[in-house]
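Here's the letter readout for the chains.
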Amino acid sequence: MTRLNVNVDHVATVRQARGGIEPDPVLAAYLAELAGAEGIVVHLREDRRHIQERDVWMLRETVKTKLNLEMAPTDPMVKIAADIRPDMATLVPEKRQELTTEGGLDTAGNPKEIKSVVKRLRKEGIFVSLFIDPDPAQIKAAAATGAEMVEIHTGAYADAPDEAGKEAELSRIRKAVGKAYAAGLRVSAGHGLDYFNVVRIAEIEGIEELNIGHSIISRAITAGMDLAVRDMTDLIRAGSLQGPGV
Ligand code: PXP
């Protein structure tokens, strides 16, 4: 059975909009686990736009399933990972101006750099995955780094504008999964998966887990709107019935 890991970055995005303490991604992670998530994912970005170091430390203490830290392959991030010791680290490319992770890690273009980061993380006992495009050259390069897993980028499939485009991307993903397995890698997938496009990815044999964030946090907000507004109107009604000074 394919496992679901929930990315709670965007709970922190809402918190950071006010700079306060709520909503807390640590609490969201706890609720995600209670609902059946088998892993929690956070991306500690260089610009700390959503997840903060405090979140990762607290998640390290509280996550009961598996904590997957997405990180850029940089020295400061390797140090942080070595201190916090997540169950696994996923190396992702990072650009300051991007809205979200764009494109996979260019392992084929930077084999020495990525291999050295993988080696340092593995020496700390951290399981390592590389987030890569479904591209045979990237899979070959990933296998040569010593990483245990690859996360296949499903963004092009999710963004394909029509059925022919989606089929073409699914075919690339299927081939990539087969090639990764043949190279001795374990396989996960993610990015842009939602309630409409996830089934065709879940059907692919060999993908062990899916990492999903934005669509789940979006649904949590919209599905929770009714209760949130009712709770507030109840309080306002109760206050206005009591009148001033009470
Ligand atoms: N996997 C990786 C490596 C990512 O960077 C992200 C986005 O943070 C995801 C999965 C989840 O993507 P989405 O938020 O579109 O579900």
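Structure: above.
All of the points below concern the structure found in this document. (Residues numbered from 1 in each chain as written. Predicted model: local features only at pLDDT ≥ 70, side-chain atom pairs only at ≥ 80, totals over all residues. Heavy atoms only, no water.)

**Things to note about the sheet that holds strand β7 (residues 186–190)**
Reasoning step 1: In space, the eight strands of this closed barrel follow the order β1-β2-β3-β4-β5-β6-β7-β8, with parallel pairing throughout. Neighbour to neighbour, the strand axes of the sheet diverge by 25° on average, direction disregarded.
Reasoning step 2: Relative to strand β8 (residues 209–212), strand β1 (residues 3–7) runs parallel, the two being bridged by four bridges. Paired with Arg3 across the bridge in β8 is Glu209. (Pairing = 2+ DSSP bridges. Helix = DSSP H or I, 4+ residues; strand = E, 2+ residues; numbered from the N terminus. Axes fitted to C-alpha atoms, helices over the stretch in contact; angles between N-to-C directions.)

**Describing the site of the ligand**
Reasoning step 1: Taken together, 14 residues sit near the ligand, with Glu70, Glu151, Gly192, Gly213 and His214 positioned nearest.
Reasoning step 2: One of the side-chain N or O atoms of Asn7 is found 3.3 Å from an oxygen atom in the ligand.
Reasoning step 3: Taking Glu151, its side chain carries an N or O atom lying 2.5 Å from a nitrogen atom of the ligand.
Reasoning step 4: Across the shell around the ligand, the residue classes tally to three nonpolar, eight polar and three charged. (Near = heavy atom within 4 Å. Polar contact = N/O pair within 3.5 Å; in protein donor to acceptor, adjacent residues only side chain to side chain. Nonpolar A, V, L, I, M, F, W, Y, C, P; charged D, E, K, R; others polar.)

**Overview of the pattern of salt bridges**
One side chain can pair with another of opposite charge once the charged atoms of both are near each other.
Reasoning step 1: On inspection of all chains with the given rule, the structure shows 18 salt bridges.
Reasoning step 2: The residue Arg85 makes a salt bridge to Glu124 at a minimum N-O spacing of 3.1 Å. Placement of Arg85 in the loop between α4 (75–84) and β4 (88–91) and of Glu124 in the loop between α5 (111–123) and β5 (127–132) is noted, with a sequence separation of 39 residues between them.
Reasoning step 3: Owing to a relative accessible area of 38%, Arg85 belongs among the partly exposed residues under this scheme.
Reasoning step 4: Between Asp226 and Arg230 there is a salt bridge; the shortest N-O distance is 2.7 Å. With Asp226 and Arg230 both in helix α10 (residues 214–242) and four residues apart, the pair spans about one turn of that helix.
Reasoning step 5: Through salt bridges with shared partners, one network takes in Arg3, Lys66, Arg186, Glu208 and Glu209. (Salt bridge = Lys/Arg side-chain N within 4 Å of Asp/Glu carboxyl O. Buried < 20%, exposed > 50% of the residue type's maximum accessible area, 1.4 Å probe, protein only.)

Remember that the coordinates give geometry; whether it matters functionally is a separate question.
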